[in-house]
Amino acid sequence: MKAKILEYSTRLGDDSLVLGHRLSEWCSNAPFLEEDLALINVALDYIGRARMFYGYAAELSADGRNEDDFAFMRDQREFSNLLIHELPKGDFAFTMLRQLFIDLFNSLFLPRLAESSDKTLAAIAAKAIKETRYHLRRSHEWTLRFGLGTDESRERAQRAIDQLWGYTHEMFDLDALESELAEAGIGVDSGALKTEWEQQVSAILTEAELEQPGEQWAVKGGREGYHTENLGQLLNEMQSVHRAYPGLEW
Amino acid sequence: MSEDLEAKFLRKIEGEEKIEPKDWMPDGYCKNLIRQISQHAHSEVIGMQPEGNWITRAPSLRRKAVLLAKVQDEGGHGLYLYSATETLGISRDEMIHALQTGEAKYASIFNYPAQTWADVGAIGWLVDGAAIVNQVSLQRTSYGPYARGMVRICKEESFHQRQGYELMLVLARGSDDQKALAQDALNRFYWPSLMMFGPHDAESAHTAKSMQWKIKRQSNDELRQKFIDQTAPQIDFLGLDHPDPECKWNEERGHYDNGEIDWDEFYDVINGNGHCNRQRIEHHVRAHREGEWVRAAMQTYEARKKKAKAA
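The sections below set out a description of the structure shown in this document. (Residues numbered from 1 in each chain as written. Chains lettered and ligands numbered in written order. Predicted model: local features only at pLDDT ≥ 70, side-chain atom pairs only at ≥ 80, totals over all residues. Heavy atoms only, no water.)

### So, the overall build of chain A
So, point 1. What chain A contains, in helices and strands, is 9 helices and 0 strands.
So, point 2. Listed N to C, the secondary structure of chain A is α-α-α-α-α-α-α-α-α in terms of helices and strands.
So, point 3. Relative to the globule expectation of 18 Å for 250 residues, the C-alpha radius of gyration of chain A, 18 Å, shows essentially globular dimensions.
So, point 4. When the backbone C-alpha atoms are referred to their principal axes, chain A occupies close to 55 × 40 × 30 Å.
So, point 5. By the burial criterion, 60% of the 250 residues in chain A qualify as buried.
So, point 6. Partitioning the intrachain contacts of chain A with sequence separation of at least 6 by distance along the chain shows that 81% fall at a separation of at least 24.
So, point 7. A total of about 9800 Å² of accessible surface is found on chain A, and carbon and sulfur atoms cover 48% of it. (Helix = DSSP H or I, 4+ residues; strand = E, 2+ residues; numbered from the N terminus. Rg over C-alpha atoms; globule rule 2.2 N^0.38 Å. Buried < 20%, exposed > 50% of the residue type's maximum accessible area, 1.4 Å probe, protein only. Contact = heavy atoms within 4.5 Å. Areas by Shrake-Rupley, 256 points an atom, 1.4 Å probe, with all protein chains shown as cover.)

Next up, the structure:
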């Protein structure tokens, strides 16, 4: 079971790190200074989560690895983040709509994980819930501004929704490991969150006068290391310094 | 009448009272402040670029988080200083326009490229270190909002400086490769850091009036000496070679002597020949332009909400 929890914590760490990386790319590129600061804030929350999940995985591995070994010394085929996190940051609408979908998911997922019988996972989740509440307030508000703003903002938001939609389904899939952990009261049955998530997405999009895509397509594979081409490039950049001088303290 | 006002203003300055936004102030004082505080704000904002350039490549998660938080602080300082400047009757849009057209300046140090990871440490240690020496002095500046801003900013900056120095220390005590990175970063950033204090007092265009109005409290050369004095033992402690072979302790003066700064380089970079002058401004202009539709959406949405409320 320990090995399975290690794997689970690594997956959640990968989700956090990869999304945190994408958010950090906004630094000095945001539409105005206050947004630079807010996006860095959210990025920091995700990097912080990655450190906690990896730190726990490292502890469970008991083979001398630390959080950085998980972040910097694994290749993209070993990364198990859901694909939605690795998509390039796109324009500001794409970034905020991705946040909306993920924030809504996390606002359902984290309270369940906070009830995990695994105390460490529960504690990480409890801390993250508060952050996600703030993230969701932001992404909800921005969705309204886009949808009820100008023609251009509405078009950009709608395009982002259409581009992202097929990557949302994967959030609700469970493989054998996740099913087993959910049954054991350690992990979360994310499949059970889908109906509520859809209702909440639908309510916000309606409020913003945006359309929920009818077209059903779904790209999947992140948990098995079957990634888009974007992840390899992201990791090349992220791991470059660490790997150029292996085995050192920084 | 205006003589009375001016006399009262000068009396206040003389008596070390702070000038506040609603107080009468001479035009020149106001313009001088706008120039200086907005330049300071722009420096914080443009300074996000060279360090931001390393966030995605930081070699450990802890360093990544520390760097993100630092760059966020710098942006926060920019915001705070823009607000302080706005108390003098200029809008943020006007200031951004002045920055983007080259009418307003920012610290020339940010026109140097941050080439290696060690540069992140050197910038924190030396660039923030030089900035603090200047800012500590500015805590006593005569304009209230600026002085109060400096108190707050100094606290965070000294935290950054310690973090930068600690990063350098880890490199300097690390592998040969890491030590070489640290030495190289020191060599490239030491002299430009000295230049941050501006030209010699005799050459400085703004010093005299600024000192009289107590906007500036210590001269460029005094502040630079302070920085040279505090930095020499720090370099020594790192076990790195001092980039200035003439830097020696002078018992008689109670200060370190130093070699002459390459002023040709100083003016060269100021005049647009640095590695990054164009890049920094183009980056700022691009981000601002790409954000135009976002700002427009926000305004339209707010207006729509207000209208709905009124109806």
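On we go.
### Section: unusual backbone geometry
So, point 1. Phi angles above zero are rare outside glycine, and Glu209(A) is one such case at about 55°.
So, point 2. Tracing the chain through its elements places Glu209(A) in the loop between α8 (194–207) and α9 (229–244).

### So, the pattern of salt bridges
Two side chains carrying opposite charge are able to pair once their charged atoms lie near each other.
All names here are of chain A.
So, point 1. Tallied over the entire structure, the rule returns 37 salt bridges over all chains.
So, point 2. In this structure, the salt-bridge partner of Arg11 is Glu7, at a minimum N-O distance of 3.1 Å. Taken together, the residues span about one helical turn, with Arg11 and Glu7 both in helix α1 (residues 2–24) at a distance of 4 residues.
So, point 3. Exposure remark for Arg11: the relative accessible area of 5% places this residue in the buried category.
So, point 4. In this structure Glu7 comes out as partly exposed when scored by relative accessible area, which is 29%. (Salt bridge = Lys/Arg side-chain N within 4 Å of Asp/Glu carboxyl O.)

### Side note on the interface of chain A and chain B
So, point 1. Taken together, the contact between chain A and chain B spans 49 residues of the former and 48 residues of the latter.
So, point 2. Put simply, chain A and chain B have 2 salt bridges between them.
So, point 3. One can count 13 residue pairs in polar contact (both at pLDDT 80 or more) joining chain A with chain B.
So, point 4. Secondary structure elements with two or more residues in the side of chain A that touches chain B: α1, α2 (33–61), α3 (67–72), α4 (92–113), α5 (119–147), α6 (151–165) and α9 of chain A.
So, point 5. Among the elements that take part in the side of chain A that touches chain B, α2(A) stands out by supplying 11 residues, more than any other. (Polar contact = N/O pair within 3.5 Å; in protein donor to acceptor, adjacent residues only side chain to side chain.)

### As for the packing of aromatic side chains
So, point 1. Per the stated rule, a full pass over the model turns up 25 aromatic pairs over all chains.
So, point 2. With a centroid separation of 6.0 Å and an interplanar angle of 90°, the aromatic rings of Phe92(A) and Phe146(A) are classed as edge-to-face. Within this pair, whereas Phe92(A) is found in helix α4, its partner Phe146(A) is found in helix α5, the two being separated by 54 residues in sequence.
So, point 3. Taken together, a centroid distance of 5.7 Å and an interplanar angle of 90° make the contact between Tyr29(B) and Trp213(B) edge-to-face. Here Tyr29(B), found in helix α2 (residues 27–46), pairs with Trp213(B), found in the loop between α9 (207–212) and α10 (220–238); they are 184 residues apart in sequence, far enough to count as distant. Like Trp213(B), Tyr29(B) is buried.
So, point 4. A network of ring pairs unites the aromatic residues Trp26(A), Phe32(A), Phe92(A), Trp142(A), Phe146(A) and Trp293(B) as a single cluster.
So, point 5. Above the ring of Tyr46(A), the side-chain terminus of Arg49(A) is found at 4.6 Å from the ring centroid.
So, point 6. Positioned above the aromatic ring of Trp142(A) is the side chain of Arg145(A), whose terminal nitrogen or guanidinium carbon lies 4.4 Å from the ring centre. (Phe/Tyr/Trp six-rings, centres within 6.5 Å; stacked < 30°, edge-to-face > 60°. Lys NZ or Arg CZ within 6 Å of the ring centre and 35° of its normal.)

### Remarks on the nonpolar core
So, point 1. Residues Trp197(A) and Tyr29(B) are the most contacted members of the largest nonpolar core, which totals 169 residues.
So, point 2. Among the elements that make up this core, the one with the highest residue count is α2(A) (16 residues).
So, point 3. Sequence-distant contacts of Trp197(A), that is, excluding residues within four places in its chain, are made with Phe101(A), Leu104(A), Phe105(A), Leu108(A), Trp165(A), Thr168(A), Met171(A) and Phe172(A). (Core = buried A, V, L, I, M, F, W, Y, C linked by side-chain atoms within 4.5 Å.)

### Structural notes on the side chain of His283(B)
So, point 1. In this structure, His283(B) sits in helix α12 (residues 277–290).
So, point 2. Of the residues examined, His283(B) reaches a relative accessible area of 19% and is grouped as buried.
So, point 3. A polar side-chain atom of His283(B) sits 3.1 Å from a polar atom in the side chain of Asn29(A).

### Considering the packing of α4(A) against α8(A)
Residues and elements named next belong to chain A.
So, point 1. Contact geometry of α4 with α8 gives a least axis separation of 10 Å together with a crossing angle of 145°. Two packed elements cross with a definite hand, and for α4 against α8 that hand is right-handed. In this structure, α4 contributes Leu100, Phe101, Leu104, Phe105, Ser107, Leu108 and Arg112 to the contact, and α8 contributes Glu196, Trp197, Gln200, Val201, Ile204 and Leu205.
So, point 2. Taken together, the residues of the contact of α4 with α8 break down into 9 nonpolar, 2 polar and 2 charged. (Axes fitted to C-alpha atoms, helices over the stretch in contact; angles between N-to-C directions. Left-handed = near helix turned anticlockwise from the far one by under 90°. Nonpolar A, V, L, I, M, F, W, Y, C, P; charged D, E, K, R; others polar.)

### Side note on the packing of α2(A) against α4(A)
A pair of packed helices can be characterised by two numbers: the angle between their axes and the separation between those axes.
All names here are of chain A.
So, point 1. Contact geometry for α2 and α4: axes closest at 14 Å, N-to-C directions at 40°. As the angle between them shows, α2 and α4 are arranged oblique. Considering how the two elements wind past one another, α2 and α4 form a crossing that is left-handed. Seen from α2, the contacting residues are Glu35, Leu39, Val42, Tyr46, Arg49 and Phe53; seen from α4, they are Phe92, Thr95, Met96, Gln99, Ile102, Asp103, Asn106, Leu110 and Leu113.
So, point 2. In terms of residue class, the contact of α2 with α4 is built from 9 nonpolar, 3 polar and 3 charged. (Parallel < 35°, antiparallel > 145°, perpendicular 65-115°, else oblique.)

### Focus: the side chain of Ser204(B)
So, point 1. Locating Ser204(B) in the fold gives a position in the loop between α8 (176–195) and α9.
So, point 2. Look past the residues within four positions of Ser204(B) in its chain and what remains in contact with it is Pro199(B), Lys216(B) and Asn220(B).

### Examining the environment of Gly147(A)
Residue and element names in this part refer to chain A.
So, point 1. Its location among the elements puts Gly147 in helix α5.
So, point 2. With a relative accessible area of 0%, Gly147 lands in the buried category.
So, point 3. Taking the C-alpha atoms as reference points, Gly147 and Ser116, separated by 31 residues in sequence, lie 37 Å from one another.
So, point 4. Those residues in contact with Gly147 that lie beyond four places of it in its chain are Arg154, Ala208 and Leu210.

### Some points on α1(A)
So, point 1. Over its 23 residues, α1(A) runs 32 Å from end to end, which matches the ideal 33 Å to within 8%, given 1.5 Å per residue.
So, point 2. Counted residue by residue, α1(A) has 19 buried out of 23 residues, so it is predominantly covered. (Expected span 1.5 Å × (residues − 1).)

### Quick notes on helix α6 (residues 117–138) of chain B
Since the α-helix turns once every 3.6 residues, residues separated by three or four places project in the same direction.
Residues and elements named next belong to chain B.
So, point 1. When the terminal C-alpha atoms of α6 are compared, their 31 Å separation across 22 residues agrees well with the 32 Å that a helix rising 1.5 Å per residue should span.
So, point 2. The largest bend along α6 reaches roughly 35° and is located at Ile123.
So, point 3. Where burial is concerned, most of α6 is hidden: 20 out of the 22 residues are buried. (Bend = angle between axes of the 7 residues up to and from the residue.)

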